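# Architecture at a glance
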Amino acid sequence: AQTVTQSQPEMSVQEAETVTLSCTYDTSESNYYLFWYKQPPSRQMILVIRQEAYKQQNATENRFSVNFQKAAKSFSLKISDSQLGDTAMYFCAFMKLIGGSQGNLIFGKGTKLSVKP
Amino acid sequence: DAGVIQSPRHEVTEMGQEVTLRCKPISGHNSLFWYRQTMMRGLELLIYFNNNVPIDDSGMPEDRFSAKMPNASFSTLKIQPSEPRDSAVYFCASSFVGQETQYFGPGTRLLVL
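The structure reproduced in this document is the subject of the present report. (Residues numbered from 1 in each chain as written. Chains lettered and ligands numbered in written order. Predicted model: local features only at pLDDT ≥ 70, side-chain atom pairs only at ≥ 80, totals over all residues. Heavy atoms only, no water.)

Take the interface of chain A and chain B next. Each partner contributes to the interface: chain A provides 20 residues, whereas chain B provides 28 residues. Carbon and sulfur atoms make up 48% of the area that chain A and chain B hide from each other, which totals about 1,900 Å². Taken as a group, Arg43, Gln102 and Asn104 of chain A account for 36% of the area that chain A buries against chain B, more than any other trio of residues on that side. Linking chain A to chain B there are zero salt bridges. Applying the counting criterion to the chain A and chain B interface returns ten residue pairs in polar contact (both at pLDDT 80 or more). Going through the elements one at a time, β5 (32-39), β6 (46-52), β10 (88-98) and β11 (101-107) of chain A are the ones with two or more residues in the side of chain A that touches chain B. Taken together, the residues of the side of chain A that touches chain B sort by class into eleven nonpolar, six polar and three charged. (Contact = heavy atoms within 4.5 Å. Buried area = accessible area lost by both parts, 1.4 Å probe. Salt bridge = Lys/Arg side-chain N within 4 Å of Asp/Glu carboxyl O. Polar contact = N/O pair within 3.5 Å; in protein donor to acceptor, adjacent residues only side chain to side chain. Helix = DSSP H or I, 4+ residues; strand = E, 2+ residues; numbered from the N terminus. Nonpolar A, V, L, I, M, F, W, Y, C, P; charged D, E, K, R; others polar.)

This is the structure:
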């Protein structure tokens, strides 16, 4: 069974600085996807970024980028130029492909990020 | 696009009552997922459908829970009878097979007294 571990329950960062959230996962699959979702106080789950396991290039979305280390089964999220609106719970999630099609998401426990002015 | 729509947004009920949660996926999406979020267990899958067919219901806690998807634009999650331990936020998510990204609804916060 796949597992996702986020070892940092809480983190804080000063506005405009950079912060990195850690995520490791365990799987025997070779073909899968990884995601970071953000959950602000409104509880809405918002996709931040995704990474296909077969791609060596790290995904980037504006201020958000990942460091994907497939051999180490590590998938960290870097937030540059942190903004107050980045304050939220961040969930790392794993999805394996079943018969070439998507399966369900398996989530980590989350990291609560606070951006301080 | 309106996004994934869930109703009700909040539900307070008494133990033993029937609860029905509803979800309308994004138009054109053919996969639908029900997740539950609690402090103790985090986010976990309950059931998911592809093309209206249940694919994996291994996360459904027990016979008190049932889910249906009668057509591509509507799904229900029913709890009968409800218990206090069912109190949680229930999320519906949808996606298009081949695009892998799941889009979540706003969730239904359920409180069973």
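This structure, assessed with the given rule, holds two disulfides over all chains. Across a sulfur-sulfur distance of 2.0 Å, Cys23 of chain A and Cys92 of chain A are joined as a disulfide pair. On the sign convention where negative is left-handed, the bridge of Cys23 of chain A and Cys92 of chain A, at about -70° about the S-S bond, is left-handed. Of the two residues, Cys23 of chain A is situated in the loop between β3 (19-21) and β4 (24-26) and Cys92 of chain A in strand β10; the sequence distance between them amounts to 69 residues. Per residue, the accessibility class of Cys23 of chain A equals that of Cys92 of chain A, and both read buried. In this model, Cys23 of chain B is linked to Cys92 of chain B through a disulfide, with the two sulfur atoms separated by 1.9 Å. On the sign convention where negative means left-handed, the S-S torsion of about -65° between Cys23 of chain B and Cys92 of chain B marks this disulfide as left-handed. Of this pair, Cys23 of chain B sits in strand β3 (residues 19-24) while Cys92 of chain B sits in strand β9 (residues 88-95), and the two are 69 residues apart along the sequence. For the pair formed by Cys23 of chain B and Cys92 of chain B, the shared burial category is buried. (Disulfide = S-S within 2.5 Å. Buried < 20%, exposed > 50% of the residue type's maximum accessible area, 1.4 Å probe, protein only.)

Following Ser7 of chain B, the chain continues into Pro8 of chain B via a peptide bond in cis, with omega recorded as -10°. Here Pro8 of chain B shows up in the loop between β1 (5-7) and β2 (10-13). Despite not being glycine, Lys73 of chain A has its phi angle at roughly 55°, a positive value. Along the chain, Lys73 of chain A falls in the loop between β8 (64-69) and β9 (74-79). Given a relative accessible area of 27%, Lys73 of chain A falls into the partly exposed group. Positive phi values are uncommon outside glycine, yet Asn51 of chain B reaches one of about 50°. Assignment of secondary structure puts Asn51 of chain B in the loop between β5 (42-50) and β6 (53-56).

None of the figures reported here should be taken as evidence of function without further support.
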